[in-house]
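Residue strings, one per chain:
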Amino acid sequence: MVAGRQQNGEVLLVLTGAGISADSGVATFRGPDGLWEGHRVEDVATPEAFARDPALVHAFYDARRARLGAVEPNAAHHALARLERDWPGEFLLVTQNVDDLHERAGSRHLIHMHGELKSGWCRACDARMPWDGPMGTSAVCPACRGAGQVRPDIVWFGEMPYAMDRIEEALSRCTLFASIGTSGAVYPAAGFVQTARYVGARTIELNLDPSQGSIFFHQTRLGRASKIVPAWVEELLA
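Residues numbered from 1 in each chain as written. Predicted model: local features only at pLDDT ≥ 70, side-chain atom pairs only at ≥ 80, totals over all residues. Heavy atoms only, no water.

A.B. asks: Which parts of the structure should I look at to understand the packing of helix α5 (residues 75-86) against helix α9 (residues 225-237)?
C.D. replies: One way to put it is that α5 packs onto α9 with a least axis distance of 7 Å and a crossing angle of 20 degrees. In terms of orientation, α5 lies roughly parallel with respect to α9. Of the two elements, α5 crosses α9, and the hand of that crossing is left-handed. Contacts between α5 and α9 pair Ala-75, Ala-76, Ala-79, Leu-80, Arg-82, Leu-83 and Asp-86 from the former with Ala-225, Ser-226, Val-229, Pro-230, Trp-232, Val-233, Glu-234, Leu-236 and Leu-237 from the latter. Tallied by class, residues from the contact of α5 with α9 come to 12 nonpolar, one polar and three charged. (Axes fitted to C-alpha atoms, helices over the stretch in contact; angles between N-to-C directions. Helix = DSSP H or I, 4+ residues; strand = E, 2+ residues; numbered from the N terminus. Parallel < 35°, antiparallel > 145°, perpendicular 65-115°, else oblique. Left-handed = near helix turned anticlockwise from the far one by under 90°. Contact = heavy atoms within 4.5 Å. Nonpolar A, V, L, I, M, F, W, Y, C, P; charged D, E, K, R; others polar.)

And the structure:
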């Protein structure tokens with residue numbers, strides 16, 4: 001059984017994807033027509049796209065950042081924050097999402113492996129800084145005062161996800177791995193379950209539909225994240 005009373009020494013790693021934020025009204029990564037909020041991924045989510053048309057890329061992320069104020073954490077986000085507080089062993093939450101809903105729900109042991117909408121990265125001095133509001137092509141870096149060198153602190157296709165050393169170290173020790181709201185199509189996150197299985201962890205996915213990697217999980221539970229995640233957390237902490 002994946003669910004049940006856990007003992008001290010358990011190492012729980014939770015991976016979340018777009019499906020957990022979809023219940024809050026955040027658009028999922030790619031729609032059935034292959035477009036991301038009306039844009040081709042190649043036009044807004046690659047270093048080449050930014051070099052080709054930085055104004056378009058900035059406008060896209062500025063709009064997404066602005067919409068964060070219109071959404072709130074849902075029951076799944078709050079359940080994971082409670083799980084972090086009450087879990088008797090080690091806990092790490094890794095999210096592929098770039099929104100701030102986990103933080104707003106209270107999660108603290110958290111890695112944004114694909115970056116954050118509310119963060120900027122200066123290509124001139126390599127500083128990263130909190131960012132609210134529009135960024136645009138003429139943004140001034142608060143660290144070096146350079147203009148026009150700040151980009152969204154987002155991991156685009158072709159770039160290395162953040163904190164992979166820390167994630168891989170946690171995976172190597174985890175005893176329970178949970179994947180929530182992920183398609184299982186984007187690597188390296190899609191391979192985490194196989195690593196967890198290799199080290200002997202119990203594995204569970206909670207998803208609206210089976211992911212592309214469902215075969216690798218010991219257990220799959222289907223449904224909306226805001227319904228099935230709180231129920232799972234209740235079982236774990238019972």
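A.B. asks: Help me out: how do you make sense of the nonpolar core in this one?
C.D. replies: Across soluble globular proteins, you tend to see nonpolar side chains buried next to one another. If you look at the biggest cluster of nonpolar residues, it comprises 22 residues, and the most contacted ones within it are Val-14, Leu-80, Leu-83, Ile-180, Val-229 and Trp-232. Counting residues per element, this core draws most heavily on α9, which supplies six residues. Leave out the neighbours within four places in its chain, and Leu-80 touches Val-14, Thr-16, Ile-20, Phe-91, Leu-93, His-102, Ser-107, Ile-180, Val-229 and Trp-232. Leu-92, Val-94, Met-164 and Phe-177 belong to the second-largest nonpolar core, a separate cluster that totals 19 residues. (Core = buried A, V, L, I, M, F, W, Y, C linked by side-chain atoms within 4.5 Å. Buried < 20%, exposed > 50% of the residue type's maximum accessible area, 1.4 Å probe, protein only.)

A.B. asks: Looking at this structure, how should I read the packing of aromatic side chains?
C.D. replies: Each aromatic ring pair is specified by the distance between its two centres and by the angle formed by the two planes. What the rule picks out here adds up to four aromatic pairs. Between the aromatic rings of Tyr-61 and Trp-156, the centroid separation amounts to 6.1 Å while the plane-to-plane angle is 40 degrees, which identifies the pairing as tilted. Here Tyr-61, found in helix α4 (residues 54-67), pairs with Trp-156, found in the loop between β6 (150-154) and α7 (164-173); they are 95 residues apart in sequence, far enough to count as distant. Across the pair, Trp-156 and Tyr-61 agree in class, each one buried. With centroids separated by 6.3 Å and ring planes inclined at 20 degrees, the aromatic side chains of Phe-177 and Phe-217 adopt a geometry described as stacked. Taken together, the residues Phe-177 in strand β7 (residues 176-180) and Phe-217 in the loop between β8 (202-207) and β9 (219-222) connect sequence positions 40 residues apart. One exposure class covers both Phe-177 and Phe-217, and it is buried. Three or more aromatic residues joined by ring pairs form one cluster here, namely Phe-50, Phe-60, Tyr-61 and Trp-156. Over the aromatic face of Trp-121 sits the side chain of Arg-128, whose NZ or CZ is 4.4 Å from the ring centroid. The lysine or arginine in question, Arg-151, covers the ring of Trp-156, its NZ or CZ lying 3.8 Å from the ring centre. (Phe/Tyr/Trp six-rings, centres within 6.5 Å; stacked < 30°, edge-to-face > 60°. Lys NZ or Arg CZ within 6 Å of the ring centre and 35° of its normal.)

A.B. asks: Honestly, the sheet that holds strand β5 (residues 128-130) in this entry has me stumped. Any pointers?
C.D. replies: Sheet strands associate in pairs through backbone hydrogen bonding, adopting either a parallel or an antiparallel arrangement. With respect to topology, three strands assemble into an open sheet ordered β5-β4-β6, the strand pairing being antiparallel. Edge positions in the open sheet fall to β5 and β6, since each of these has one partner strand only. Direction aside, the axes of adjacent strands within the sheet are offset by 45 degrees on average. Looking at chain direction, strand β4 (residues 115-122) and β5 are connected through three bridges and run antiparallel. Across the sheet, residue Ser-119 finds its bridge partner in β5, namely Pro-130. Helix-sheet contacts for α4 involve β4 and β6, and the interaxial angle to β6 is about 55 degrees. (Pairing = 2+ DSSP bridges.)

A.B. asks: It is not clear to me how the environment of Glu-84 should be interpreted in this structure. Could you clarify?
C.D. replies: Position of Glu-84 among the secondary structure elements: in helix α5. Classification of Glu-84 as buried rests on a relative accessible area of 13%. On a C-alpha basis, the gap between Glu-84 and Gly-106 in space is 9.0 Å, while along the polypeptide they are 22 residues apart. Those residues within four positions of Glu-84 in sequence are excluded, and the remaining contacts are Phe-91, Ser-107, Arg-108 and His-109.

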